[in-house]
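A closer look at the structure
Now for the letters of each chain:
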Amino acid sequence: MKRVVSLWLPHWATDRLKIASRRAEAVAVHREVRLGKVRLNEPRLDWGPESARPLVTVAAANGRALLAAVDEQASAVGLMPGMVLADARALMPDLAVRPSRPEKDAAALAQLADWCARFSPWVAVDGADGLLLDITGCAHLFGGEAKMLEDLAQRLRRFGYQARLAVADTPGAAWAAARYARGARPKDSVILPPGGTREAIAALPVAALRLSPAQADELERLGLKTIAELYPLPRAGLLRRFGPEPARRLDQALGRIDESINPRLPASPHEARLAFAEPILEAAAIAAALDRMLGGLCGHLASEQLGARQLRLALFRVDGSLQHVAIGTSRPNRDPQALRRLFAPSFDKLDPGFGIEAMSLIVTQAEPLEDLQLVLAQARVRTQEQARADKQIRTGPAKIQAPIESAEVLEERAIERAVDEAALAALADLFANGRLGNESQPVRLVRPVPQESHLPERAVTPAPALAGRKDRWSEAALAAVRPVRLLPRPEPLETDETAPELLPASFRWRARPHRIRLAEGPERIEPEWWRPAATNVTAGSRDYYRVEDSEGRRFWLYHERTVSRWYLHGLFA
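The following paragraphs examine the structure supplied in this document. Only a predicted model underlies this, so the values are computations on that prediction, with no experimental measurement involved. (Residues numbered from 1 in each chain as written. Predicted model: local features only at pLDDT ≥ 70, side-chain atom pairs only at ≥ 80, totals over all residues. Heavy atoms only, no water.)

Counting 31 residues, the largest nonpolar core has L112, W115, C116 and L156 as the members making the most contacts within it. Secondary-structure elements contributing two or more residues to this core are β1 (4-8), α1 (12-34), α4 (102-115), β6 (130-134), α5 (145-159), β7 (164-168) and β10 (306-317). Here the element with the most residues in this core is α5; it accounts for six residues. Two domains share this core, each providing at least three of its residues, namely domain 1 (1-39 + 95-267) and domain 2 (271-368). Every residue in contact with L156, bar those within four places of it in the chain, is listed here: L7, L112, W115, Y161 and A163. (Core = buried A, V, L, I, M, F, W, Y, C linked by side-chain atoms within 4.5 Å. Buried < 20%, exposed > 50% of the residue type's maximum accessible area, 1.4 Å probe, protein only. Helix = DSSP H or I, 4+ residues; strand = E, 2+ residues; numbered from the N terminus. Domains from an automatic or database assignment. Contact = heavy atoms within 4.5 Å.)

Listed below in structure tokens is the structure:
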């Protein structure tokens, strides 16, 4: 049966500000302690529950400053969102006021949702102050639903969040219980029994159905104050009087209409998790934990004949923050050692803060991978040994060398080619993930692919280095002599010849003179007349020459016949 946790943070905006101030102070102290500086008499911010001033956030509306969020202390004396700031100060003169930052609140809530992935891979943001966790099949990993909710609540309280949690069969019922049901104690989590949603939410007010304030007020005005009073009402009359929303919300809460939870991060069936008895700080400990997770995860991929293309390593710190390290591979891979090499350079750059209490490794993209692709090197050795054994059997004790059959040659060449491609893929992964040095940056490797064009600018196009090689170069393209380096665009040359249509004896390029010693050409290339004039790279024919200067440098020049001018288009090795 599906089970959903609703996490409600009633003072989210103000709690976020308090925690941010506390973290900033802790980071500053930690940095100064590491530098050998200690502040003893300097005052520090203190957002403790006894000494902190009541905190509110304000937003401007129609020329007035209105309260956008209030903390627990301010709420206890009657302050509420929507109140005018002047009225709030009259009730609490020592009020601490901060501007409302809804975009920062949303970003921080998304980060908290990512952190909650340590309890369930299916986490969604619910409004501006809540989260939904689908814990179906997850609770037993924490000792049951009660212990799971207790663990989550304790961690949130330790971070500084005021939270209410409830678990039920549906998101609507969990949402209602988290905000309107009460446990034996104010901070207790609420657990609705499986299959008992109808009776469990019957006594809750109609506002618990996630109705608009206007609809809830209208229902209460007519005497329908609890959800139980909606059960016996004829559905046609309810729809006619209040529209479809109350009936739809009631059916969602009772499970008659399925309500999906859209996770913030796509859930993956290929994931490894590891929790630590004590927080870890050293890079070596992180590497050892990664090795353990890679071994189990790659074994799982092998059982399904899959390989990883993208992986994400998440580190859950004890302060509630989260760090990510992502890598990608050019082809499916499930070799633990190869994947570890891509992660390894990031270990020294990670900031464990006050410790890492859990890690998860997720395959965000997987593709089919046959076993043969992983054991090509071993297959090559086995093939060579078998070939030698076969020759000895055929030739007898004399051990006369016999020619290898064509099938064996083909197999050997295929294996060698596959091994070379695997080595190229490993090198491409190092480039793509920026793993070739301490200061390396990701580099995109490409290869030239032929196009249907005889113009040098359009003859090739870049393609991924290890993409499926279905392209074929024509004989004419292979026979043509082209420079190793083609300039992004032809650069004009300075010539001193009185007859510009003739090959000059010398030219000047980038303020440097060059005297031509040898020349070969011309090779005339006509424009592609079938293309629109606006997209054609040349308006007239070109006469190309391969030339070598007195110092041995070789260039690819051409004469633009329509404008009678010389250009440099490429450089030979």
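Now for α5. In this model, α5 (15 residues) spans 21 Å end to end at C-alpha, consistent with the 21 Å of a helix rising 1.5 Å per residue. Buried within α5 are the following residues: E145, M148, L149, L152, A153, R155, L156 and F159. Buried positions in α5, seen along its axis, are confined to an arc of 160° and lie on one side of it. Exposed residues on α5 whose side chains face more than 90 degrees from its buried face are K147 and R158. (Expected span 1.5 Å × (residues − 1). Arc of directions from axis to C-beta.)

As a further point, take the pattern of salt bridges. Applying the stated criterion across every chain, the model contains 33 salt bridges. R546 is the salt-bridge partner of E520, the closest N and O atoms lying 2.7 Å from each other. Here the residue E520 occupies a position in strand β17 (residues 512-525), and R546 occupies one in strand β18 (residues 542-549), the gap between them amounting to 26 residues. Given a relative accessible area of 45%, E520 falls into the partly exposed group. A cluster of three or more residues bridged by salt bridges with shared partners is formed by R512, D549, E551 and R553. (Salt bridge = Lys/Arg side-chain N within 4 Å of Asp/Glu carboxyl O.)

Using the criterion set out here, one finds 12 aromatic pairs in the structure. Measuring from ring centre to ring centre gives 5.6 Å for F507 and F555, while their planes differ by 85°; the resulting arrangement is edge-to-face. Of this pair, F507 sits in strand β16 (residues 506-509) while F555 is found in strand β19 (residues 554-560), placing the two residues 48 residues apart along the sequence. Note on F507: relative accessible area 2%, which makes it buried. For F555, a relative accessible area of 3% corresponds to the buried category. Centroid distance W509 to F555: 6.2 Å. Interplanar angle 75°. Geometry classified as edge-to-face. With W509 in strand β16 and F555 in strand β19, this residue pair connects regions lying 46 residues apart in the sequence. A residue is classified by how much of its surface remains accessible, and W509, at 11% relative accessible area, is buried. Here the aromatic residues W115, F119, F142 and F159 are joined through ring pairs into a cluster of three or more. (Phe/Tyr/Trp six-rings, centres within 6.5 Å; stacked < 30°, edge-to-face > 60°.)

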